[in-house]
Amino acid sequence: MGKPSRVNQTSLSDFLLLGISERPEEQTLLFVIFLGMYLVTMMGNLLIILAITSDPHLHTPMYIFLANLSITDVCFTSASIPKMLINMHTQSQTISYSGCFAQLYFLLVFGGLDNLLLAVMAYDRYVAICQPLHYSTAMSPQLCALMLSICWMLTNCPALTHTLLLTRVAFCAHKAIPHFYCDPSALLKIACSDTRINELMIIIMGLMFLTAPLLLIVLSYVRISWAVFGISSPGGRWKAFSTCGSHLTMVLLFYGSLMGVYLLPPSTHSAERESRAAILYMVIIPMLNPFIYSLRNKDMNEALSKLFGSGKTISLP
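Please read all numbers here as calculations on a predicted model, not as lab measurements.

*Asks:* In this structure, what is going on with the overall build of the protein? I would like to understand it.
*Replies:* The helix and strand tally for the protein stands at 13 helices and three strands. Put simply, the protein has 317 residues, and 46% of those count as buried. Long-range pairs, those at least 24 residues apart, make up 78% of the contacts in the protein with a sequence separation of at least 6. Just so you have it, the protein exposes about 16,000 Å², and 69% of that area is on carbon and sulfur atoms.

*Asks:* Just checking my understanding: could you explain the sheet that holds strand 2 (residues 94–95) for this structure?
*Replies:* Through backbone hydrogen bonds, the strands of a sheet pair up, either in parallel or in antiparallel fashion. With mixed pairing, three strands are arranged side by side in an open sheet as 2-1-3. Strands with a single pairing partner mark the edges of an open sheet, and in this sheet they are strand 2 and strand 3 (176–177). Bridge count between strand 1 (residues 15–17) and strand 3: two bridges; the pairing is parallel. Looking at the pairing, Leu17 lines up with Ile177 of strand 3.

*Asks:* Looking at this structure, how should I read the packing of aromatic side chains?
*Replies:* Any aromatic ring pair is given by two values, namely how distant the centres are and how the planes are angled relative to each other. Using the criterion set out here, one finds twelve aromatic pairs in the structure. Between Phe76 and Tyr281, the aromatic rings sit 6.1 Å apart at their centres with planes inclined by 25°, giving stacked as the arrangement. With Phe76 in helix 2 (residues 61–78) and Tyr281 in helix 12 (residues 271–294), the pair connects residues that are 205 residues apart, well separated along the chain. Given a relative accessible area of 2%, Phe76 falls into the buried group. A residue is classified by how much of its surface remains accessible, and Tyr281, at 6% relative accessible area, is buried.

*Asks:* I keep staring at the nonpolar core and nothing clicks. Help me out?
*Replies:* Soluble globular proteins: nonpolar side chains tend toward being buried together. In this structure, Phe34, Leu66, Met282 and Met300 are the most contacted members of the largest nonpolar core, which totals 70 residues. Looking at this core, the element that brings in the most residues is helix 4 (residues 97–130), giving 15 residues. Excluding residues within four positions of it along the chain, Met282 makes contact with Phe76, Thr77, Ser80, Leu107, Phe180 and Tyr181. Counting 17 residues, the second largest nonpolar core, distinct from the first, contains Leu17, Leu104, Ile190 and Ala191.

Cut-off values and rules
- Residues numbered from 1 in each chain as written.
- Predicted model: local features only at pLDDT ≥ 70, side-chain atom pairs only at ≥ 80, totals over all residues.
- Heavy atoms only, no water.
- Helix = DSSP H or I, 4+ residues; strand = E, 2+ residues; numbered from the N terminus.
- Buried < 20%, exposed > 50% of the residue type's maximum accessible area, 1.4 Å probe, protein only.
- Contact = heavy atoms within 4.5 Å.
- Areas by Shrake-Rupley, 256 points an atom, 1.4 Å probe, with all protein chains shown as cover.
- Pairing = 2+ DSSP bridges.
- Phe/Tyr/Trp six-rings, centres within 6.5 Å; stacked < 30°, edge-to-face > 60°.
- Core = buried A, V, L, I, M, F, W, Y, C linked by side-chain atoms within 4.5 Å.

Functional significance is not addressed by these values, which are geometric in nature.
This is how it looks when you write it as structure tokens:
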């Protein structure tokens, strides 16, 4: 067999998203499952956003960051799942050249924003537990707005870098991506031109925009643990740790699934394993986010009760 032919970028045909399964008989069941999960994700996160914006008691840094996390999850999921559902419904695997790169950009933007917001939320919990007397000044509305603005601006840096660099890559004639979305690593595997600069930037940007926020989260929780274990009463320790439980759960799920996609040794990589991990952090985690943050959260449940005009305390369905 001859060497794969290159194609001129001005006349590139569509990419093929091989999806979760290539078996036609499974597409209907997968369509129903992922449509249901997508609708639950939209409804749950929109309820969180509405509850927080409509209740003045929740206009605090922790809940403002949570509302931004829910907005991010809505956008993150919407960048890939609707296209996957369309392909399942139409029994098609295609995505246009421009559509693939647009999807890639928005996935990187909102995936990176998720990462930065989790770090900001960890810092918020650190200040609340370790420096409670300075909380009102250290987490003032102006500073919160500044941190959110910086997060929204910073996340565009790696997204634009990777997307623009990939537009310079020449792809082989067979452009099949073994995922349900346009993944940068998968795109590099079907390239017929030199991709060393792309691979280098993935490492550099990963260290800057993935490792640095994770390090901030770890340091915050080290300080939080040190402060909590210094509390003499078991009740006080439990109360302090309970305010971090939801956030810590999201951190473990988010970074655990990311490591399953990008940080495992190449010898352990498989398209099936990467797809399962991607489903976890792109579909399941955004769907679970409202449940995790509303479960046993009295303030959130009361806000949801007011939203539905009920005097009873409720949690998300």
